[in-house]
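# Analysis of the macromolecular model
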Amino acid sequence: MEPQGQDLEDLTKKIVDYGHQYLNNVDSINAYSSEASEAKLLQNAPFAEDGRNLDDLINIIKTDVDKPGINPASGGHLGYIPGGGIYPTAMGDYLAAVVNKYAGVFYASPGAVQLENMVLRWMIELIGFPKISLGNLTSGGSIANLIAIVTARDAKGITSEKIKKSCIYLTKQAHHSVHKAIRIAGLAEAHLQEIDVDERFKMDVHKLKTQIDSDIKNGLLPFLVIASAGTTDIGAIDPLDEIADIASTSNLWFHVDAAYGGFFMLVDNLKAKFKGIEKADSLTIDPHKGLFLAYGLGAVIIKDVEALRNSHYYQANYMQDVTEVLEEPSPADLSPELTKHFRGLRMWLPLQLFGVSVFRKALEEKILLCQYFYQKIQELGFDVGPDPELSVCIYRFADGIDDKNKFNAELIKAVQNDGRIYISSTTIDGVFWLRLAVLVFRTHKKTIDELLYILEKKRNSLQPCTQN
Ligand SMILES: Cc1ncc(COP(=O)(O)O)c(C=O)c1O
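Predicted model, so just to flag it, every value in this text is computed and none were measured.

## So, helix H5 (residues 110-127)
- The terminal C-alpha atoms of H5 lie 26 Å apart, and with 18 residues this matches the ideal 26 Å at 1.5 Å per residue to within 8%.
- The inward-facing, buried residues of H5 contact strand E3 (134-138), strand E8 (282-285), helix H10 (287-290), strand E9 (298-302) and helix H12 (345-354).
- Looking at the residues trailing H5, positive phi occurs at Gly128, about 80°.

If you want it as C-alpha cells, here you go:
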C-alpha cells in the first residue's frame, strides 16, 4: 500500500505520461464518439485477490473509459453546459488527495478550512454579497441548490404541517436540479407556482406579483422565489432587481441559480445584467462551469450564516475534542457533509497560478464566440431564438421544411454522428431547438467556423429528402 522509490516514480510517471499524451492530442480528438461501447476490457477486469499491471489498467481507462461518449475536455464540446477542465484542477486534486487534509472542521485543518473559506469569500465579493456571508463548496450546482432550498425552508419556518399551504415561485426555465432539490427537501407537496416568461424567456415580474398577491388572498404561504442568472436552455437572466424587491416586500426568501451564469460577472461590461443579484438571500455558482475547472466544484453562498448553520449543524459525542472556533466557521457545520473532499484546492491553485484576468479574458472570448455564431447561423438561413445574453443560444432550420422538429432532430443526429463537434438540443413549448453552449476554455473561432461548416453541409444533405 506504500509504493516506494522507483515504484513510486514509475507509478506517478506512467499516470502523468498518459495525462500528458491525452492533453497533447486533445485538439485532434473528436468531441463525441457515437460508437456503441461494450467496454470489454473493463468488464473483463473485475477486482481480484492479486493486483494488475499498471500498463494494462491505463489501457483499460484509455480504451473503455476515455474514448466512448462525449469528450468534455475537447474545445468541440458545445453541448449542455461544458467547461473543459483546466489542468491545474488536477494538480490541486492531486495534492489534496496525497496529503489528504480533512477540510471539514477548522480544528482538524485550520489551513484547509481557511483556504476553502477564502475561496468562498472571493465569490462573495464578486457577487456583491456582504462580507459576513458564507456558504459551502459543493460537488456541483445540484447540491448547492439543495443546501439553499433546505436553508430557506427552515429559515421561513416551513414545518411539515405548513408544506401543503406553502408556495414556491419559479419559471419553466428553472433547472431541473431545482425541482429535484425541492422534492428531496420534502417540499414536493408545496404549491410550485410556475410564473410565465416573456419573449426573452425571463420571469414576468408582473405575473409574479399578481400570483403572490392572489396566493396570500387565498390563505396560502408564499415563502420562496427562485430566479435564474443564466438559464441552461438559452442563458437568460431573470430581472433579478425587480424580483428581489418583490421578494423583500412579501417577505420571501430569494434564491438565485447562477450555476452557469455567475462567473460572467467577472466581465465588466456584463455586470449590469446581473443588477439585483446582491439582494438575493442565497446563490448557486459553479466553478466547474464558468471557471472552466474539471467537474466536481459548485458553490452555495448564503447571507444568513446562522440560518445555514441552523439547518446543518450537529454535534456528536465522539467529536467532543473538536473545539469550536467561532471566528472561522467549519464546512461540516454548514453543509450535509462531514468527511469531505478538500475541493477548495482545485480552485485556489489555478486562480493563484494564472491570476483572475486570464479567466476574465476567456469568458469575454466565449461571449464573443456565441455572438459570432448567432450572426453567422442566420446568414446560413437558420431561425434563431433571442439575442444571446451570455454564451448560449438556440437556433433551428425551418425554411421550406414541413416537419421542422423532425428535420432538426435529424440534423443534430447527423452532427453528433459526425463527432468532430458535439452540440445538444432542447424543446421549448413544443419547439425543437438546437443549442450552442460555448464554455470550454479550448473553444476558439476555428471551432465555431467548423461547426458552421458542418451544420451547413449536414443541412444541405438532409434537405432534399425532407422537403416536399
Ligand atoms: C442553471 C443550472 N443550475 C444547476 C445546474 C446543476 O449543476 P450540476 O450539474 O453542477 O449539479 C446546472 C447544470 O447544468 C445548470 O445549468
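## Quick word on the pairing of strand E11 (residues 392-396)
- For E11, the buried fraction is high: five of the five residues fall into the buried class.
- Here E11 shows two buried faces, one formed by Val392, Ile394 and Arg396 and the other by Cys393 and Tyr395.
- The pairing of strand E10 (residues 383-384) with E11 spans two bridges and is antiparallel. Residue Asp383 lies in a different strand from E11, and its bridge partner there is Arg396.
- Where E11 lies against strand E13 (residues 431-437), four bridges are found, and the strand directions are antiparallel. Bridged to Tyr395 within E13 is Leu434.

## Structural notes on the nonpolar core
- Among the nonpolar cores identified, the biggest contains 93 residues, and Met123, Leu187 and Phe254 are the most heavily contacted of them.
- For this core, the element with the highest residue contribution is H5, accounting for eight residues.
- Not counting chain neighbours up to four residues away, the residues in contact with Met123 comprise Leu137, Phe263, Ile285, Pro287, Ala299, Ile301 and Met347.
- Judged by nonpolar contacts, the second largest core, of 28 residues, contains Leu369, Phe373, Ile448 and Leu455.

## Brief notes about the site of the ligand
- In the neighbourhood of the ligand, 14 residues make up the surrounding shell, with Gly141, Ser142, Thr232, Asp257 and His288 lying closest.
- Within the side chain of Ser142, one N or O atom sits 2.5 Å away from an oxygen atom of the ligand.
- Side-chain polar atom of Asp286 to an oxygen atom of the ligand: 3.0 Å apart, as the coordinates give it.
- Protein chains bury 84% of the 390 Å² of accessible surface belonging to the ligand in isolation.
- Going through the elements one at a time, helix H6 (141-155) and H10 are the ones with two or more residues in the shell around the ligand.
- Element by element, the count of residues in the shell around the ligand is highest for H6, at three residues.
- Of the residues contributing to the shell around the ligand, the split by class is two nonpolar, nine polar and three charged.

About the thresholds
Within each chain, residue numbers correspond to sequence positions counted from 1 in written order. Only residues with pLDDT of at least 70 are given local features in this predicted model, and only at 80 or more are side-chain atom pairs given and counted; all residues enter the totals for whole chains, interfaces and linings. To obtain the side-chain values, all non-hydrogen atoms of the structure were used and water was disregarded. Secondary structure elements are taken from DSSP: a helix is a run of H or I of four residues or more, a strand is a run of E of two residues or more, and numbering for both begins at the N terminus. Multiplying one less than the number of residues by 1.5 Å gives the expected span of a helix. We call two residues in contact whenever any of their non-hydrogen atoms come within 4.5 Å of each other. The classification of residues rests on relative accessible area computed with a 1.4 Å probe and restricted to protein chains. Under 20% of the type maximum is buried, over 50% is exposed, and intermediate values are partly exposed. Whether two strands pair depends on DSSP finding at least two bridges between them. Working definition of a nonpolar core: buried Ala, Val, Leu, Ile, Met, Phe, Trp, Tyr and Cys residues. They are joined through side-chain atoms within 4.5 Å. Distances are taken per atom, and a residue is near a molecule or strand as soon as one of its heavy atoms is within 4 Å of it. In protein, a polar contact means a hydrogen-donor-capable atom and an acceptor-capable atom, both N or O and within 3.5 Å, with residues adjacent in sequence counting only if both atoms are side-chain atoms; elsewhere, any N or O pair within 3.5 Å suffices. Values of accessible area rely on a 1.4 Å probe in the Shrake-Rupley scheme; residue burial ignores everything except the protein chains shown. Gly is placed with the polar residues, together with every amino acid not listed as nonpolar (Ala, Val, Leu, Ile, Met, Phe, Trp, Tyr, Cys and Pro) or charged (Asp, Glu, Lys and Arg).

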